[in-house]
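# Observations on chain architecture
One-letter residues, chain by chain:
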Amino acid sequence: MGIVDTHCHLQDSAFDEDRDAVIERALTALDWLVVVGDDLESSRLALAMTRDRLYASVGVHPYHAEAVDGLAVDALRAFAGHAHVVALGEIGLDYHYGKVEPAIQQDALRAQLDLACELSLPVVIHNRDSHEDMAVVLDEYHERLPGGIMHCFSGDPAFVQQCIGWGFHISFAGNVTFPKAGVLRNAAKATPLDRLLVETDSPYLAPQPVRGKRCEPAFVRHTLDCVAELHGLPAETLAEQTTANAHRLFNIAGCGIP
Ligand SMILES: [Zn+2]
């Protein structure tokens, strides 16, 4: 069964002790995976890890929005010149902790969306407690973007529809499997099959039944099982569909998918 993890942070220090073993398990269990950066250093590390079936996404997370200046954008542009870089991200807005001014976050997001448009790369969007402002920005940009992912989706079915309107894919992480995540499961049910993706966001959010452990890419199987059940489909069918979706979105060649 061909499964992919569209979003993990294998460069995180949580993997310092046994990173090679985790990568080996990932590449055994999965067709391919995307290691995502959240600042310049973690993006550089993601790029350094790339190999056959291991791709990178580069970008600066809203927590580090103050670091996004012209030089940072130039660095991201240089990283993105590498053939194994398949997306810009994770970028976005996060008003949950109120650590960085919304205006600064929005400027950093726009600067990186401009770069994604220039380079014709899809974007990986982080959005937390910032739906309204995210809608304003994406209303502005979506027609020029070659696609995007609302990663670790945290909205309701109405927000799913809004994301679909922007031409986005919706990616569910391990939290969709948690007992209290009824709203998220409704959102997963409301997502059309051709827009669904699964991810781990590892080392965070390990799904049931491995909840509480350090998450790793091979665990994406449990999230896939949960979303397949919500859609009343065999896991194999949903694996094929989500892998084909990811393949098309990231424009990854050579996996035999039309
Ligand atoms: Zn992430």
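Anyway, here's the lowdown on the structure attached to this text. (Residues numbered from 1 in each chain as written. Predicted model: local features only at pLDDT ≥ 70, side-chain atom pairs only at ≥ 80, totals over all residues. Heavy atoms only, no water.)

For the rest of this paragraph, the subject is the packing of aromatic side chains. Any pair of aromatic rings gets described here by the distance separating the centres and the angle formed by the planes. For the structure shown, the criterion picks out seven aromatic pairs. Ring centres of F159 and W166 lie 6.0 Å apart, and the angle between their planes is 80 degrees; this geometry places the pair in the edge-to-face category. The exposure class of F159 is buried, given its relative accessible area of 4%. Directly above the aromatic system of Y63 lies the positively charged group of K99, at a separation of 4.8 Å from the ring centroid. Above the face of the F178 ring, R211 is positioned so that its terminal group lies 3.6 Å from the ring centre. (Phe/Tyr/Trp six-rings, centres within 6.5 Å; stacked < 30°, edge-to-face > 60°. Buried < 20%, exposed > 50% of the residue type's maximum accessible area, 1.4 Å probe, protein only. Lys NZ or Arg CZ within 6 Å of the ring centre and 35° of its normal.)

A complete count under the given rule lists nine salt bridges for this structure. In this structure, D74 engages R77 in a salt bridge whose closest nitrogen and oxygen atoms are separated by 2.8 Å. Residue D74 and its partner R77 are both found in helix α3 (residues 70–80); the two are separated by three residues, about one turn of the helix. For R214, the salt bridge is made with E216, and the minimal N-O distance between the two is 3.9 Å. By relative accessible area, R214 is classed as partly exposed at 28%. One salt-bridge network, held together by shared partners, links D18, R25, R214 and E216. (Salt bridge = Lys/Arg side-chain N within 4 Å of Asp/Glu carboxyl O. Helix = DSSP H or I, 4+ residues; strand = E, 2+ residues; numbered from the N terminus.)

Here we take up the nonpolar core. Grouped burial of nonpolar side chains is what soluble globular proteins tend to show. In terms of nonpolar packing, the biggest core is built from 70 residues, with L113, M150, F153 and F172 touching the most fellow members. With six residues, helix α4 (residues 102–119) is the single largest residue contributor to this core. Aside from chain neighbours lying at most four places away, what touches M150 is I125, N127, M134, L138, F159, C163, W166, F168, H169, I170 and S171. Core analysis: the next-biggest nonpolar cluster, separate from the first, contains 14 residues, V4, V36, L249 and I252 among them. (Core = buried A, V, L, I, M, F, W, Y, C linked by side-chain atoms within 4.5 Å. Contact = heavy atoms within 4.5 Å.)

To continue, consider the coordination of the zinc ion. Around the zinc ion, the protein contributes the donor atoms H7 (NE2), H9 (NE2), E90 (OE) and D201 (OD), which lie 2.1 to 2.3 Å from the metal centre. Taken together, the four donor atoms surrounding the zinc ion define angles of 87 to 177 degrees at the centre, an arrangement classified as irregular. Sequence positions of the residues that donate to the zinc ion give the spacing H-x1-H-x80-E-x110-D. Of this pair, E90 sits in strand β4 (residues 85–94) while D201 sits in the loop between β8 (196–198) and α8 (220–230), placing them 111 residues apart in sequence. Among the residues examined, E90 registers a relative accessible area of 4% and is labelled buried. (Donors = N, O, S within 2.8 Å, 3.2 Å for Na, K, Ca; no water. Tetrahedral: all angles 85-135°; square planar, octahedral: opposite > 155°, others 65-115°.)

Let us look at empty space enclosed by the protein. Counted under the stated rule, the structure contains one cavity of 30 Å³ or more. By volume, the largest cavity amounts to about 30 Å³. For the largest cavity, the full set of lining residues is P62, Y63, D94, Y97, G98, K99, V100 and Q105. Taken together, the residues of the lining of the largest cavity sort by class into four nonpolar, two polar and two charged. (1 Å grid on protein atoms, 1.4 Å probe; cavity = no way out; pocket = protein on both sides within 12 Å on 5 of 7 lines; lining within 4 Å. Points joined across faces, edges and corners; volume = space filled by probe spheres on them. Nonpolar A, V, L, I, M, F, W, Y, C, P; charged D, E, K, R; others polar.)

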